[in-house]
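Chain by chain, the residues run as shown.
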Amino acid sequence: MTTATMQVSQKDFEKAQEQLKLLKKDPGNETKLKLYALFKQATEGPCNSPKPGMLDFVKKAKWDAWNSLGNLSQDNARQKYTELVSSLISAESAGQTKDASPEESRHGGYETIIVTTKNNITKIMFNRPERKNAINHQMYREIIKALHEAGKDDSTIAVITGNGEYYTSGNDLNNFANVKPNEMEKMAKDGAVLLKEFVSSFIDFPKPLIAVVNGPAIGISVTLLGLCDIVYASDRATFHTPFSQLGQSPEGCSSYLFPKIMGLAKANEMLLFNKKLTAAQACAWGLVTEVFPDGTFQKEVWERLKAYASLPKNSLAVSKQLLRSMEKEKLHAVNSKECEVLKERWLSDECLNAIVSFFQRKSKL
Ligand SMILES: CCCCC/C=C/CC(=O)SCCNC(=O)CCNC(=O)[C@H](O)C(C)(C)COP(=O)(O)OP(=O)(O)OC[C@H]1O[C@@H](n2cnc3c(N)ncnc32)[C@H](O)[C@@H]1OP(=O)(O)O
C-alpha cells in the first residue's frame, strides 16, 4: 500500500470514528466488541497485554475480541473498522441495525426441504405440502445432509418443522410402490440401510434439536419426537403411529423411548393399537413439551426459540451431549434392531396389502 492511500485510509478511519458517535441506535454488544477490537488493532497493533482474570467479564470480553484478531495488520484493521461503521450507518438509515434484524440465509442444494439460518437457529422444513410433506427417499437423504451440516454450522439450536397444513404424513408410501417382485428384497435391504442412517443422524445430533409440530404428524415423524430435545405443538396437531394398520413395526427408537416417556401401557396403545393422540393428550403423556393455540403458535414459539438460541452455544451443546451420552449406545442398538425387524415386515403380505389398499384408495388413515 502506498503512503498516499494509507493517508486516505487514516483520514477515512478518523471520519468513521466521528460518524460512529452519530449512530442513534445502540449497535449491540457483539458489534461494539468488534469495533473496540478493530480500533485497538488499528491504533496499537496486535494484542500484547496480559489476559484479564476470568471474573473480570467486561475486560476479558474486550481482550478476547482484540486478541482474536491475531496478527491482522493495522492497515487492514483500519479498513475493516471503517467498513463496519459504514455498514452500521447504512443499515440505520435503511431503518434497521444489523443486530436487530439479521438476514435469513437459505442453504442451497435441497429440493424436498427448505433449510435456513437466522438468529442462531437453523431451521429444517419439510417442503412437499401438496403430498402432506410425505418423506420420500430424496427427503430422507436431504434431512441426513441438513442435520450433518447444522451440527457443524454456527447455529446454536436446530429446528425441524413442516411447511403448510401438515407436519408430515410420515413415510411416503410410494417408497414401496412400483417395485418389481424380484427387487423386493433389495428394496427392503436398501430401505433398512437408509432408515438406520436417518435415525442415527437424530441420535447423534450434537446440539439441541427442537420439533415445531405445526399440524398432523404421522408415523416416523412421531416416533422421532422422542429423539428431539423439545417438542412444541400447535393445538391443531395430532400424533398417529398406525404401524399395525400398515403391517409394519415401530422405528425411530420408539420401541424403547415411548415406554420410557409415557409408560408401557400408553406406549402400547400408540404403537400396537394405532391410537391417535390430540396435542393435549400427547402433552399429558409426555411426548410434547407444550401446546400453543394455532393462531399464535408461530409467533409464540419463534419468540421463545430466539431467546433460547441466544444462550451460550457451547454450554448448550455440551449439556445436550451429556444427557444423550447416557443412552447413546442403547439407542443405536435399538435403531439397528428396529431396522432389522422392519426389513422383514416390508416383505410381508400384511404390509404389501396395506400399501395396495392405500393406492387403491380403499384405506386412508
Ligand atoms: C427408507 C424407508 C423408511 C421407512 C420408515 C417407515 C416409516 C413408517 C411410517 O411413517 S408409517 C406412516 C405412513 N403414512 C401414511 O400411511 C399416511 C398415508 N396418507 C394418508 O392416509 C392420507 O393421505 C392423509 C390422512 C395423510 C391425508 O388425507 P387427505 O384426504 O387430507 O389428503 P390426501 O390423501 O388427498 O393427500 C394429498 C396427496 O398426498 C398424498 N399423500 C399424503 N400422504 C402420503 C404418504 N404418506 N405417502 C404417499 N402419498 C401421500 C396422497 O396420496 C394425495 O395424493 P394424490 O393427490 O395423488 O391422491
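- The name that an unreviewed UniProt entry assigns to the chain is Delta(3)-Delta(2)-enoyl-CoA isomerase, with the source organism given as Anas platyrhynchos platyrhynchos.
- What UniProt states about the chain under its Subcellular location (unreviewed entry) heading is, verbatim, "Peroxisome".

### Topic: the sheet that holds strand β5 (residues 209-213)
Sheet strands pair by backbone hydrogen bonding; their relative direction is either parallel or antiparallel.
Then, in step 1: The mixed open sheet is built from seven strands, whose spatial order is β1-β2-β3-β4-β5-β7-β10. At either end of the open sheet lies a strand with only one pairing partner, and these are β1 (105-106) and β10 (290-292).
Then, in step 2: Bridging between strand β3 (residues 121-126) and strand β4 (residues 157-162) involves six bridges; their strand directions are parallel. Bridging across to β4, isoleucine 121 finds its partner in isoleucine 157.
Then, in step 3: Contacting β3, β4, β5, β7 (230-234) and β10, helix α11 (residues 297-308) crosses the sheet at an angle of about 160° to β7.

### Brief notes about the side chain of lysine 40
Then, in step 1: Mapped onto the fold, lysine 40 is located in helix α2 (residues 29-44).
Then, in step 2: Of the residues examined, lysine 40 reaches a relative accessible area of 17% and is grouped as buried.

### Some words on the sheet that holds strand β6 (residues 217-218)
Then, in step 1: On the basis of which strands lie adjacent, the open sheet formed by three strands has the order β6-β8-β9 and mixed pairing. Each of the sheet's edge strands pairs with one partner strand only, and the pair in question is β6 and β9 (277-278).
Then, in step 2: Two elements, β6 and strand β8 (residues 238-240), share two bridges in a ladder whose sense is parallel. Counterpart to isoleucine 218 in the pairing with β8 is histidine 240.

What counts, and where the lines are drawn
Residues numbered from 1 in each chain as written. Predicted model: local features only at pLDDT ≥ 70, side-chain atom pairs only at ≥ 80, totals over all residues. Heavy atoms only, no water. UniProt positions renumbered as here; feature names shortened; annotations may be inferred. Pairing = 2+ DSSP bridges. Helix = DSSP H or I, 4+ residues; strand = E, 2+ residues; numbered from the N terminus. Contact = heavy atoms within 4.5 Å. Axes fitted to C-alpha atoms, helices over the stretch in contact; angles between N-to-C directions. Buried < 20%, exposed > 50% of the residue type's maximum accessible area, 1.4 Å probe, protein only.

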